[in-house]
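Structure at a glance
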Amino acid sequence: MVKNFKMVAKTLFGMEELLANELRQLGASSIELGTRNVSFEGDKGFMYKANLCCRTAIKILKPITAFNIFTEEDLYKRVYEMPWEDYMDVKGTLAVNATVFSDVFTHSQYISLKTKDAIVDRFRDRQGTRPDVDLDHPTLRINVHIDRNICTISLDSSGESLHKRGYKVESTLAPINEVLAAGMLMLSGWQGQCNFLDPMCGGGTILTEAAMIACNIPPNLNREEFGFETWPDFDVDLYEKIEEAALKKVRDFPHKIYGFDTDPVAIKKAKENIKSANLQDFIEVKQQDFFQSEKEHDKPLYIVFNPPYDERIAISDVENFYSSIGNTLKRGYPGTQAWMITSNMEALKSVGLHPSKKIKLFNGKLEAKLVRYEMYEGSRKASKQ
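Criteria and cut-off values
Residues numbered from 1 in each chain as written. Predicted model: local features only at pLDDT ≥ 70, side-chain atom pairs only at ≥ 80, totals over all residues. Heavy atoms only, no water. Pairing = 2+ DSSP bridges. Helix = DSSP H or I, 4+ residues; strand = E, 2+ residues; numbered from the N terminus. Axes fitted to C-alpha atoms, helices over the stretch in contact; angles between N-to-C directions. Contact = heavy atoms within 4.5 Å. UniProt positions renumbered as here; feature names shortened; annotations may be inferred. Phe/Tyr/Trp six-rings, centres within 6.5 Å; stacked < 30°, edge-to-face > 60°. Buried < 20%, exposed > 50% of the residue type's maximum accessible area, 1.4 Å probe, protein only. Lys NZ or Arg CZ within 6 Å of the ring centre and 35° of its normal. Domains from an automatic or database assignment. Buried area = accessible area lost by both parts, 1.4 Å probe. Salt bridge = Lys/Arg side-chain N within 4 Å of Asp/Glu carboxyl O. Polar contact = N/O pair within 3.5 Å; in protein donor to acceptor, adjacent residues only side chain to side chain. Nonpolar A, V, L, I, M, F, W, Y, C, P; charged D, E, K, R; others polar.

By the naming in an unreviewed UniProt entry, the protein goes by Putative N6-adenine-specific DNA methylase and is assigned to Aequorivita sublithincola.

On to the sheet that holds strand 12 (residues 301-305), then. Reading across from one edge, 11-10-9-12-13-15-14 is the order of the seven strands in this open sheet, with mixed pairing throughout. Only two strands of the sheet have a single neighbouring strand rather than two, namely strand 11 (283-287) and strand 14 (357-363). Sheet twist, expressed as the mean angle between neighbouring strand axes with direction ignored, is 20°. Pairing geometry for strand 14 and strand 15 (residues 366-375), over seven bridges, is antiparallel. Looking at strand 15, one finds that I359 is bridged to L370. Sheet strands in contact with helix 8 (residues 264-276) are strand 10 (257-261) and strand 11, and its direction is about 165° off that of strand 11.

Let us look at the UniProt feature "domain: THUMP" (unreviewed entry) in the protein. Taking the UniProt record as the reference, the feature "domain: THUMP" (unreviewed entry) is found at residues 46-157. As a span, residues 46-157 carries 33% helix and 32% strand, and end to end its C-alpha atoms are 12 Å apart.

What follows concerns unusual backbone geometry. With a phi angle near 50°, S30 is a residue other than glycine that sits in the positive phi range. Phi at R36 takes a positive value of approximately 60°, unusual for a residue other than glycine. Mapped onto the secondary structure, R36 falls in the loop between strand 2 (29-33) and strand 3 (37-42).

Taken as a whole, this structure holds 21 aromatic pairs when the rule is applied. Relative to F228, the ring of F226 has its centre 5.2 Å away and its plane inclined at 10°; by these criteria the two rings are stacked. No difference in accessibility class separates F226 from F228, as the two residues are buried. Aromatic rings pair up to connect F290, F291, F305, F321, Y322 and Y333 into one cluster. Over the ring of F362 we find R36, and its NZ or CZ is 5.6 Å from the ring centre. Positioned over the ring face of F5 is K62, at 4.4 Å from the centre of the ring.

This part covers the pairing of strand 5 (residues 93-101). Pairing of strand 5 with strand 6 (residues 132-133), which is carried by two bridges, proceeds in the parallel orientation. Paired with L94 across the strands is V133, a residue of strand 6. One ladder, built from eight bridges, connects strand 5 with strand 7 (residues 140-147); its direction is parallel. By the bridge assignment for strand 7, N97 is matched with N143.

The sheet contact formed by strand 1 (residues 5-10) and strand 3 spans six bridges and is antiparallel. Residue V8 lies in a different strand from strand 3, and its bridge partner there is S39. Strand direction decides the pairing type here: strand 1 and strand 4 (residues 59-68), joined by three bridges, are antiparallel. Considered in strand 4, the bridge of K10 is made with K59.

Another point: the domain arrangement of the protein. Each domain of the protein was delimited in the assignment, giving domain 1 (5-156) and domain 2 (178-217 + 243-375). Placing the centre of domain 1 and that of domain 2 at their C-alpha centroids yields a distance of 35 Å. Counting residues at the interface gives 13 residues for domain 1, matched by 16 residues for domain 2. Between domain 1 and domain 2 lies a buried interface of about 1,200 Å² when both sides are counted; carbon and sulfur atoms form 75% of it. Joining domain 1 to domain 2, the criterion identifies zero salt bridges. Between the two partners, domain 1 and domain 2, sit two residue pairs in polar contact (both at pLDDT 80 or more). Mapped onto the side of domain 1 that touches domain 2, the elements with two or more residues apiece are helix 1 (16-26) and helix 2 (44-53). Classifying every residue of the side of domain 1 that touches domain 2 by side-chain character gives eight nonpolar, two polar and three charged.

Moving on to the pattern of salt bridges. Tallying each qualifying case throughout the model produces 16 salt bridges. Across the pair D121 and R124 runs a salt bridge whose closest N-O atoms are separated by 3.0 Å. Remark: R124 and D121 occur in helix 4 (residues 108-127); sequence separation between them is three residues, near one turn of the helix. The class for D121 is buried, based on a relative accessible area of 18%.

What the eight strands build is an open sheet, ordered 2-3-1-4-8-7-5-6; its pairing is mixed. The sheet is open, and its two edges are formed by strand 2 and strand 6, each paired on a single side. Pairing of strand 2 with strand 3 involves three bridges; the strand directions are antiparallel. Note on strand 3: the bridge partner recorded for E32 is S39. Its contacts with the sheet place helix 3 (residues 72-80) against strand 4 and strand 8 (150-156), and it is angled at close to 110° to strand 4.

Listed below in structure tokens is the structure:
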């Protein structure tokens, strides 16, 4: 019988419910929400599926042991005693990442170093040689999590962060994280129900994630590899079966997804990224000033965008810029649901529209709000009647 085990999926602040729901729909059991993480149970095949199919996960960790520690020596001793030869070959490479919430252990980098020392010393003492460290492409990534005195050691089944989907070949000045883009779209209720516009599309991340949601394409299909692929027990046949099953659920999308940007370089990069994701049949991008645009036809339209915040992209008059967003939506986009994320709360007041919803998120370290504006056909009153 295939054995289930506990896993922990890490995510961004505010995405925990979304991720729990994704895991539930994929078939996970024993789901529990944490802060920026969700724990669950599944088998090896489910671990592969979660990495391939979760849009809002950053990492899928497989805890292998937990113990109490009171000194750095305790940590070294307990890690040294673990059967690391079961998880990697001495010719392999490793990388250790630590997160620490403790008054006793305060330096995560030192904890990483101590853990690495214990592992390589065990190999050297038993086999006369030791594995090397490779921070970029190790054969085994190890995660150490210390919460007060409880230390949990996990294997990182994802490898590089899952926001690195593999389709982004060109980067723009202030690109949005792919997991944040997908989470925003899911929080907004986007499922591919109508036409979609990102009026300030930059490198095309929101457009790409919107198309993948609309067509039910696994988000990490374009990745070169996952961490579990270098594990001794990797089952390539099982992974291929899971990938095949996920691809059978891809659906067609009858509407239109399009993006504008005023910068011709950004448009060129967006086209490259969209082509890299094999989504050029679903997404159109063109050089266009949103403030000089209007809705193309009477069909319902969904707008989701990430305007400049004046944080990483300088705007000469940020209040006027945000005021133009509100004026353009009012004038040119009736019958539209518009969502945008910003961390410039002062500028948000200049939009001049009342948001019908506000959701707190973080864009990197910046606290941000995802807001919804509903543009009714005619007046709001008339639309309600």
